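Listed below are the residues making up each chain.
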Amino acid sequence: VQLQASGGGLVQDGGSLRLSCAASGRIFSINAMGWYRQAPGKQRELVALITNGGSTTYEDSAKGRFTISRDNAKNTVDLLMNSLKPEDTAVYYCNAGIYYGGSLSYYWGQGTLVTVSS
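The present account deals with the structure reproduced in this document.

About the thresholds
Numbers given for residues are sequential positions, taken from 1 along each chain in its written order. Totals for whole chains, interfaces and linings use all residues, but because this is a predicted model, local features are given only for residues with pLDDT of at least 70 and pairs of side-chain atoms are given and counted only at 80 or more. Only heavy atoms go into the side-chain values, all of them from the structure, while hydrogens and water stay out. Salt bridges are defined as contacts in which a side-chain nitrogen from Lys or Arg sits within 4 Å of a carboxyl oxygen from Asp or Glu. Here a helix means four or more residues in a row that DSSP labels H or I, a strand means two or more in a row labelled E, and each is numbered from the N terminus. Accessible area is worked out with a 1.4 Å probe on protein chains only. A residue is then buried under 20% of its type maximum, exposed over 50%, and partly exposed in between. What is meant by a nonpolar core is a set of buried Ala, Val, Leu, Ile, Met, Phe, Trp, Tyr and Cys residues, joined one to another through side-chain atoms within 4.5 Å. Contact between two residues is taken to exist if any of their heavy atoms lie within 4.5 Å; hydrogens are not considered. Residues enter patches when their relative accessible area tops 30% and they take part in no salt bridge; the joining distance is 9 Å for like charges and 5 Å for the nonpolar side chains Val, Leu, Ile, Met, Phe, Trp and Tyr. Note on areas: these come from Shrake-Rupley sampling with a 1.4 Å probe, and a residue is covered only by the protein chains present in the view. Note on pairing: two strands pair once DSSP finds at least 2 bridges between them. Only a pair of cysteine sulfur atoms within 2.5 Å counts as a disulfide in this structure description.

Before going further, it helps to examine the pattern of salt bridges. Scanning all chains against the criterion turns up six salt bridges. Put simply, Arg18 and Asp78 hold a salt bridge, and the shortest N to O gap is 3.4 Å. Remark: Asp78 occurs in strand 8 (residues 76-81) and Arg18 occurs in strand 3 (residues 17-24); sequence separation between them is 60 residues. The partly exposed category is assigned to Arg18, whose relative accessible area is 43%. Ionic pairing is found between Glu59 and Arg37, a salt bridge with its closest N-O pair at 3.7 Å. Placement of the pair is Glu59 in the loop between strand 6 (56-58) and strand 7 (66-71) and Arg37 in strand 4 (residues 29-38), with a sequence separation of 22 residues. What makes Arg37 buried here is its relative accessible area of 6%. Overlapping salt bridges bring together Arg37, Glu45, Glu59, Arg65 and Asp88 as one network.

See below:
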């Protein structure tokens, strides 16, 4: 299984970016999918999570600015980030819980860098 993330880049304060992540390989079904981020010198933290039923959870600073969505038919998860702030600068990682062969395993994407300039 591979998770391929894309969409990071450099954006000005107040700008927007859309991150995308596609899962491929031996997949029976996907449980929760999420986006995490890790800023320099800090621990990786959850930004947003979406279940296979569409329920969402957001980290407090992301509420009202970020929107997570998924396409179950395409095995993809997106993160639309609006009103970006310099403190959103981090490497963003997608994560997915994937069922195959009766087992659930969690996978990480390779990370995509988001830089918000002030």
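What follows continues from the structure just given.
All right, on to the nonpolar core then. One finds Trp35, Phe66, Ile68, Leu79, Met81 and Tyr92 to be the most contacted residues of the largest nonpolar core, which totals 30 residues. Elements that contribute at least two residues to this core include exactly strand 1 (2-6), strand 3, strand 4, strand 5 (45-50), strand 7, strand 8, strand 9 (90-100) and strand 11 (112-117). Looking at which element gives the most residues to this core, the answer is strand 9, with five residues. Excluding residues within four positions of it along the chain, Tyr92 makes contact with Leu19, Trp35, Tyr36, Arg37, Val47, Phe66, Leu79, Met81, Gly111, Thr112 and Val114.

A word on a nonpolar patch on the surface. Together, Phe28, Tyr99, Tyr100, Leu104 and Tyr106 line one region of the surface with nonpolar side chains, adding up to about 570 Å² of accessible area. Mapped by element, the contributors of at least two residues to the nonpolar patch are strand 9 and strand 10 (103-108). In this fold, Tyr100 is placed in strand 9.

Within a regular beta strand, the side chains point alternately toward one face of the sheet and then the other, so they alternate between its two faces. Taking burial as the measure, the 10 residues of strand 4 include seven buried ones, the bulk of the element. Where strand 4 lies against strand 9, eight bridges are found, and the strand directions are antiparallel. Residue pairing across strands places Met33 opposite Ala96, the latter belonging to strand 9. Sheet topology places strand 4 next to strand 5; five bridges connect them, and they run antiparallel. By the bridge assignment, Arg37 is partnered in strand 5 with Glu45.

As a further point, take the state of the cysteines. Following the criterion strictly, the structure yields one disulfide and no others. With a sulfur-sulfur separation of 2.1 Å, Cys21 is cross-linked through a disulfide to Cys94. Between Cys21 and Cys94, the disulfide has an S-S torsion of 55 degrees and is therefore right-handed. Here Cys94 lies in strand 9 and Cys21 lies in strand 3, a separation of 73 residues in the sequence.

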